[in-house]
Amino acid sequence: MNDVSSRSHAIFTVVLEQKSFGESENISTETETTTSSMITTSKFHFVDLAGSERIKKTNAQGDRLKEGIAINSELLALGNVISALGDPTKKGCHIPYRDSKL
């Protein structure tokens, strides 16, 4: 938007593994035992998109103003999709994927 714009994106991924051990089980001989285990893996992606900037704050004009408006409207559409996907009360309802021109 301007020389001092703070627009940047970041993606941070966290992988969690949980290992649970079951009871010991006997295998063919009486001296050998093995412990059954189960591993549960979860992967989280944290995404920080460039936030919307107020037009008054950036003093943008012309093409930069149009670009800022377009970016802000696309971020709003993305936020609406994420909200709809994450809201358990809207399960089975319409997800507004196509509200964006991207």
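Residues numbered from 1 in each chain as written. Predicted model: local features only at pLDDT ≥ 70, side-chain atom pairs only at ≥ 80, totals over all residues. Heavy atoms only, no water.

## Here's the deal with the overall build of the protein chain
Part 1: Helix and strand content of the protein chain: 2 helices and 2 strands.
Part 2: Ordered by position in the sequence, the α and β elements of the protein chain form the string β-β-α-α.
Part 3: In the protein chain, the share of contacts with a sequence separation of at least 24, taken over all contacts with a separation of at least 6, comes to 52%. (Helix = DSSP H or I, 4+ residues; strand = E, 2+ residues; numbered from the N terminus. Contact = heavy atoms within 4.5 Å.)

## Some details on the packing of aromatic side chains
Part 1: Under the criterion given, the structure shown has 1 aromatic pair.
Part 2: With 6.4 Å between their ring centres and 20 degrees between their planes, Phe44 and Phe46 make a pair best called stacked.
Part 3: By relative accessible area, which is 40% here, Phe44 ends up partly exposed. (Phe/Tyr/Trp six-rings, centres within 6.5 Å; stacked < 30°, edge-to-face > 60°. Buried < 20%, exposed > 50% of the residue type's maximum accessible area, 1.4 Å probe, protein only.)

## Remarks on a nonpolar patch on the surface
Part 1: Residues Ile11, Val47, Leu49, Leu78 and Ile82 make up a contiguous nonpolar surface patch of roughly 460 Å² in combined accessible area.
Part 2: Among the secondary structure elements, Ile82 is positioned in helix α2 (residues 63-86). (Patch = residues over 30% accessible without salt bridge, like charges linked within 9 Å, V, L, I, M, F, W, Y side chains within 5 Å. Areas by Shrake-Rupley, 256 points an atom, 1.4 Å probe, with all protein chains shown as cover. Salt bridge = Lys/Arg side-chain N within 4 Å of Asp/Glu carboxyl O.)

## Quick word on α2
Part 1: Along its 24 residues, α2 runs 35 Å from first to last C-alpha, staying within 8% of the 34 Å computed at 1.5 Å per residue.
Part 2: For α2, the full list of buried residues reads Gly68, Glu74, Ala77, Val81 and Ala84. (Expected span 1.5 Å × (residues − 1).)

## Points about the confidence of the model for the protein chain
Interpretation of this model should avoid reading the predicted coordinates in detail wherever pLDDT is low.
Part 1: Averaged over all residues, the pLDDT of the protein chain equals 77, while 74% of them reach at least 70.
Part 2: Ranking the elements of the protein chain by mean pLDDT puts helix α1 (residues 55-58) last with 76 and α2 first with 83. (pLDDT = per-residue confidence, 0-100.)

## Some words on the environment of Pro96
Part 1: Its location among the elements puts Pro96 in the segment after α2.
Part 2: Pro96 gets classed as buried once you look at its relative accessible area, which sits at 12%.
Part 3: Along the primary structure Pro96 and Leu78 are separated by 18 residues, whereas in three dimensions their C-alpha atoms are 8.8 Å apart.
Part 4: Setting aside chain neighbours within four positions, we find Pro96 in contact with Asn80, Val81 and Ala84.

## Focus: the environment of Asp87
Part 1: Locating Asp87 in the fold gives a position in the segment after α2.
Part 2: Only 2.7 Å separates the side chain of Asp87 from the side chain of Thr89, close enough to count as a polar contact. (Polar contact = N/O pair within 3.5 Å; in protein donor to acceptor, adjacent residues only side chain to side chain.)

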